[in-house]
Amino acid sequence: MTDPGLYRHLDEMAPWNDRLQVLEVIGITDEAPEVKTFTFRSDAQTWFRYMPGQFITLELPVSDEPIMRTYTLSSSPSRPFSISVTVKAQADSIGTRWMFDNLGVGARLKAYGPGGDFSHHTHPGAKYLFLSAGSGITPMMSMLRWFSDCAPGTDVTFVNCARRPEDIIFRKELELLNSRMPGLSLAFIVEERSPREGWSGHMGRVDAVRLPLLAPDFHEREIFCCGPEPYMRAVREMLQSAGFDMAFYHQESFGAPPAEPVSPPFAEAQTEAAEQAAPVQEVVPVHFSLSEVDGECLPGQTVLQAARASGVRISAACEFGLCGTCKVRKISGEVEMNHNGGILDDEIAEGFILACCSRPLGELEIEA
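Since this is a predicted model, take the numbers as computed values, not measurements.

This paragraph deals with the overall build of the chain. Helices and strands together make up the secondary structure of the chain, namely nine helices and 19 strands. Sequence-distant contacts, at least 24 apart, represent 65% of the contacts inside the chain between residues at least 6 apart. Summed over its atoms, the accessible surface of the chain is roughly 18700 Å², and 50% of this surface lies on carbon and sulfur atoms.

So, in structure tokens, the structure goes:
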């Protein structure tokens, strides 16, 4: 008989707070060549609240100055007492290679997040098409695990691409889910045959001929895509050529959004825009309360740049307002903040800002 006190204990647990707690490694699993899953719990034994498909940012003590690396969660929030990231160590990777060589069970890391809106919770649909390549499978796996636990009848077509059969991440689990989820249609495509493992499945890449065979009704599906940029670009171009409504296409990317400059139609407008873009010659005082440092923000600088110039360390990863790593509390003053989804409205209401994309409008005090 289950101890009723256990449920009372769980009810009393608070969600994980990235400003107060760190992560402890509780498991490491080899998934494919050069691919590992690291599973964490909170050092305070709290539970994790996030949306399937979101990411976290890990602070890795690679050298005297830690580096920040952003990884999608492969775990599901339907199992809230641990989280997992599944990472591939590329030949030139620094952070991931450090994790492979240095992280063991019991190791602890500071982490920030979760963040991002690449999730079926924010883009719900009646039917879904998941397209992934390589380690881009991780957010799809998070969403599929959630569906398996909470809505196993969901209509999902999943097309996963890999270089060779042995490079298919989560292959055994995916095949098991395919046998248990009546609405799941699973297909693997590999580019090369392998002497290590026989293969009788699809060969090549997703293209305009193969996609309608694997997902005949793809025009009716909410599409999620994740993988290397050349892969995602090819998928976008294929869907656009097929007349797909791109409002129902979503992709995961940690790169900065492309700039879209607009040229003014008249010379007078160009002059006016140039005048508006001219920096205001005013230095703004910024006080960093935790560091007890008085700094200044030069015209055009962000709070993050001012902090670095003053010798105050604020953790940052993407630096364009997506990951939320540089979230700090504003004690007084006002800022202009142009973010890309890395902060929630209720966090803004509580006084938090993203230092990387906030510029002071006057004297400012920051909790950093």
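Spatial ordering of the open sheet is given by β14-β13-β19-β15-β17, a layout of five strands whose pairing is mixed. Unpaired on one side and paired on the other, β14 (293–297) and β17 (352–354) mark the two borders of the sheet. Neighbour-to-neighbour, the strand axes of this sheet turn through a mean angle of 40°, independent of strand direction.

A word on the nonpolar core. Phe130, Met140, Leu144, Phe158 and Leu174 are the most contacted members of the largest nonpolar core, which totals 28 residues. Contributions of two or more residues to this core are made by β7 (127–133), α3 (137–150), β8 (155–162), α4 (171–180), β9 (184–190) and β11 (222–226). It is α3 that contributes the most residues to this core, seven residues altogether. Those residues within four positions of Phe158 in sequence are excluded, and the remaining contacts are Phe130, Ser132, Ile137, Met140, Leu144, Leu174, Leu184, Ser185, Leu186 and Ala187. Judged by nonpolar contacts, the second largest core, of 24 residues, contains Ala306, Ala316, Ile343 and Ile366.

Tracing the chain through its elements places Glu282 in the loop between α7 (267–277) and β13 (284–288). Those residues within four positions of Glu282 in sequence are excluded, and the remaining contacts are Cys297, Leu298 and Pro299.

Counting buried positions along β8 yields seven of eight residues, so the element is predominantly enclosed. Summarising the sheet, β7 and β8 pair through seven bridges and their orientation is parallel. Considered in β8, the bridge of Leu129 is made with Thr157. For the handedness criterion, the β-α-β arrangement of β7, α3 and β8 is classed as right-handed. As defined by bridge partners, β8 adjoins β9 across seven bridges and the pair is classed as parallel. The residue bridging Val156 from the neighbouring strand is Leu184, located in β9. Read from β8 through α4 to β9, the crossover connection turns out right-handed.

What counts as what
- Residues numbered from 1 in each chain as written.
- Predicted model: local features only at pLDDT ≥ 70, side-chain atom pairs only at ≥ 80, totals over all residues.
- Heavy atoms only, no water.
- Helix = DSSP H or I, 4+ residues; strand = E, 2+ residues; numbered from the N terminus.
- Contact = heavy atoms within 4.5 Å.
- Areas by Shrake-Rupley, 256 points an atom, 1.4 Å probe, with all protein chains shown as cover.
- Pairing = 2+ DSSP bridges.
- Axes fitted to C-alpha atoms, helices over the stretch in contact; angles between N-to-C directions.
- Core = buried A, V, L, I, M, F, W, Y, C linked by side-chain atoms within 4.5 Å.
- Buried < 20%, exposed > 50% of the residue type's maximum accessible area, 1.4 Å probe, protein only.
- Right-handed = clockwise from strand over helix to strand, strands pointing away.

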